[in-house]
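Now for the letters of each chain:
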Amino acid sequence: SDWVLSVAISSDGEWVVSGSKDKTLRVWSLASGVTTLVLKGHSDTVSSAAISNKGQFIVSCSDDKTLRVWSLTTGEVIRVLEGHSSWVNSVAISKTDQYIVSGSDDSTVRVWSLTSGDLIRVLQGHGSIVWSVSISSDDEFVVSGSHDKSIRVWSLSSGETTQVLRGHTGIVLSVKLSSDDKYLVSGGGGDVDYSVRVWDLSTGEQTQEL
């Protein structure tokens, strides 16, 4: 047993998946609290995990520089996604179950096909570690938070940066989109910024600092 760094809940509320520093993932029944699967395969810390919207797959990422796609029902590894040159810190799955997005210590955001595992696009622009990623519900854009204190909004189809949101005085550890994709909430970190900030994506303006 070791630090649990990530948890995800399936859209039907049936399953919880946790990723740990002990290199494993665990699948739990939310109703009973019983562990139903222990997923082993990563060779280093599992930093983030996500469950596909239809509940078929788990995608995990790790300090071993890879992502893995697992069957939620059997626990088998379906494929290993390789391409990042350093630790992978964050993973998200689109609501359409078409795309996987990952952010890494190598300063890139990568977009993959969930069904084939193919690398679709490498998003470059951050000047340092990418800590967190999120994808809009309509697959139109990706957002990422970085050690470089900025948030970037990217077009998923072109890979171009459409907005750079600045305001955090420290690293941006977490980014989450509202269900209607109109607002972004970000969490700061490091020694100087402990704020939660709300951004209006139609204008790129910060609307609240919590």
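Cut-offs applied
Residues numbered from 1 in each chain as written. Predicted model: local features only at pLDDT ≥ 70, side-chain atom pairs only at ≥ 80, totals over all residues. Heavy atoms only, no water. Pairing = 2+ DSSP bridges. Helix = DSSP H or I, 4+ residues; strand = E, 2+ residues; numbered from the N terminus. Axes fitted to C-alpha atoms, helices over the stretch in contact; angles between N-to-C directions. Buried < 20%, exposed > 50% of the residue type's maximum accessible area, 1.4 Å probe, protein only. Contact = heavy atoms within 4.5 Å.

Visitor: Looking at this structure, I do not really get the sheet that holds strand E15 (residues 150–155). What am I missing?
Guide: Strand pairing in a sheet is mediated by backbone hydrogen bonds. Such pairs are either parallel or antiparallel. Across the sheet, four strands lie side by side as E13-E14-E15-E16; this open sheet has antiparallel pairing. At either end of the open sheet lies a strand with only one pairing partner, and these are strand E13 (130–135) and strand E16 (161–166). Direction aside, the axes of adjacent strands within the sheet are offset by 20 degrees on average. Where E15 lies against E16, five bridges are found, and the strand directions are antiparallel. Pairing of Arg 152 across the sheet is with Val 164, part of E16.

Visitor: Is there a simple way to explain the pairing of E15 in this structure?
Guide: Consecutive residues of a regular strand have side chains that alternate between opposite faces of the sheet. The element E15 is largely enclosed, with a buried count of six among its six residues. The pairing of strand E14 (residues 141–146) with E15 spans five bridges and is classified as antiparallel. Each bridged residue has a counterpart across the sheet, and for Val 142 the counterpart in E15 is Trp 154. Hairpin connection, E14 to E15: the antiparallel pair is bridged by three residues, and Lys 149 has positive phi, about 75 degrees. Turn length for the E15-E16 hairpin, with the two strands adjacent in sequence and antiparallel, is five residues, and the turn residue Gly 159 shows positive phi of about 80 degrees.

Visitor: Sorry if this is basic, but what is going on with the sheet that holds strand E18 (residues 183–188) here?
Guide: Sheet architecture is open: four strands sit in the order E17-E18-E19-E20, paired in antiparallel fashion. Two strands close off the open sheet at either side, each with one partner strand: strand E17 (172–177) and strand E20 (205–209). Here the strands of the sheet are splayed against their neighbours by 25 degrees on average, with no regard to which way each runs. Across five bridges, the pairing between E17 and E18 is antiparallel. By the bridge assignment for E18, Lys 176 is matched with Val 185.

Visitor: Which parts of the structure should I look at to understand the side chain of Ser 146?
Guide: Position of Ser 146 relative to the elements: it lies in strand E14. Residue Ser 146 is classed as buried on the basis of its relative accessible area of 0%. Contact partners of Ser 146, with chain neighbours within four places excluded, come to His 126, Ser 128, Ile 129, Val 130, Trp 131, Ile 171 and Val 172.

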